[in-house]
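Commentary on secondary and tertiary structure
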Amino acid sequence: MTATPTTAQFITCECDAKPEPHKVPVPRIVVASTEEANAEAVRNLLESVWYDLTLFFGPDIPLYVAYDGEATGIAEAACEWADAQGFAVGPYDGGFVAAYVAPEGVKCAPADGRPTYVYAA
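The model shown is predicted, which means the values in this text are computed figures rather than measured ones.

A word on the overall build of the chain
Along the backbone of the chain there are two helices and seven strands. From first element to last, N terminus to C terminus, the chain shows the α and β order β-β-β-α-β-α-β-β-β. Relative to its full complement of 121 residues, the chain shows a buried share of 41%. Contacts spanning at least 24 positions in sequence make up 65% of the contacts within the chain whose residues lie at least 6 apart. As displayed, the chain offers around 6500 Å² of accessible surface, 52% of which is attributable to carbon and sulfur atoms.

A word on the pattern of salt bridges
Per the counting criterion, the structure on display carries one salt bridge. For E40, the salt bridge goes to R43, with nearest N and O atoms at 3.2 Å. In this pair, E40 and R43 both sit in helix α1 (residues 39-57), three residues apart, roughly one turn of the helix.

Quick notes on the environment of W50
Mapped onto the elements, W50 comes out in helix α1. Spatially, the C-alpha atoms of W50 and L63 are 8.3 Å apart, while their sequence positions differ by 13 residues.

Considering the sheet that holds strand β6 (residues 97-103)
Two strands in a sheet stick together by hydrogen bonds in their backbones, pointing the same way (parallel) or opposite ways (antiparallel). Sheet architecture is open: five strands sit in the order β5-β4-β3-β6-β7, paired in parallel fashion. The two strands at the open ends of the sheet, each matched to only one other strand, are β5 (88-91) and β7 (116-119). Ignoring which end each strand starts from, the neighbouring axes of this sheet average 20° apart. When strand β3 (residues 28-32) meets strand β4 (residues 64-68), the two strands line up parallel, connected through five bridges. Directly across from R28, in β4, lies its bridge partner Y64. In the packing of α1 onto the sheet, contacts are made with β3, β6 and β7, and the angle to β7 comes to roughly 155°. Against the sheet, helix α2 (residues 74-85) makes contact with β3, β4, β5, β6 and β7, and its axis sits at roughly 170° relative to β4, the strand it touches most.

Concerning the nonpolar core
Ranked by size, the top nonpolar core spans 26 residues in total, and within it I29, V31, L46 and V101 carry the most contacts. Of the residues forming this core, the biggest block, seven residues, is contributed by α2. With near-sequence residues (within four places) excluded, L46 lies in contact with I29, V31, A78, W81 and V101. Listed in part, the seven residues of the second largest apolar core include V26, Y64, A66 and V97.

Digging into the confidence of the model for the chain
Residues with a pLDDT of 70 or more make up 75% of the chain, whose mean pLDDT is 76. With pLDDT under 50 throughout, residues 1-8 is counted as low confidence; its partners more than four residues away or in other chains account for 17 contacts.

Some words on a negative patch on the surface
The grouping of E35, E36, E70, E76, E80 and D83 at the surface amounts to a negative patch. Residue placement: E35 occurs in the loop between β3 and α1.

So, how was this worked out
Residues numbered from 1 in each chain as written. Predicted model: local features only at pLDDT ≥ 70, side-chain atom pairs only at ≥ 80, totals over all residues. Heavy atoms only, no water. Helix = DSSP H or I, 4+ residues; strand = E, 2+ residues; numbered from the N terminus. Buried < 20%, exposed > 50% of the residue type's maximum accessible area, 1.4 Å probe, protein only. Contact = heavy atoms within 4.5 Å. Areas by Shrake-Rupley, 256 points an atom, 1.4 Å probe, with all protein chains shown as cover. Salt bridge = Lys/Arg side-chain N within 4 Å of Asp/Glu carboxyl O. Pairing = 2+ DSSP bridges. Axes fitted to C-alpha atoms, helices over the stretch in contact; angles between N-to-C directions. Core = buried A, V, L, I, M, F, W, Y, C linked by side-chain atoms within 4.5 Å. pLDDT = per-residue confidence, 0-100. Patch = residues over 30% accessible without salt bridge, like charges linked within 9 Å, V, L, I, M, F, W, Y side chains within 5 Å. Lys, Arg positive; Asp, Glu negative; His and termini not counted. Charge placed at Lys NZ, Arg CZ, Asp CG, Glu CD.

Okay, structure coming up:
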């Protein structure tokens, strides 16, 4: 399951960090790919991440849901969720990461100060 991003690579942000609107990369939610997955927990956690990101970026935020590794298990559940929401999906390409999602005990890519959402596998 591979897909190319269908959202713009940058969005206009109107946060208080700068006095005028400015361009920022489309936020990526990176999902650690594992064979074993609790699909319902993944979907629930993605809903929470989406909600948290809308608090900062606003309700119409486009997202790119990326999986790190093969598109199996958790990655498939994440891709199905993203498709249902109309978000772009595909393999992680090294772009800006807004949040990581992983089951307990699975190490994500370096978090770079970004939040890591963990669920019980």
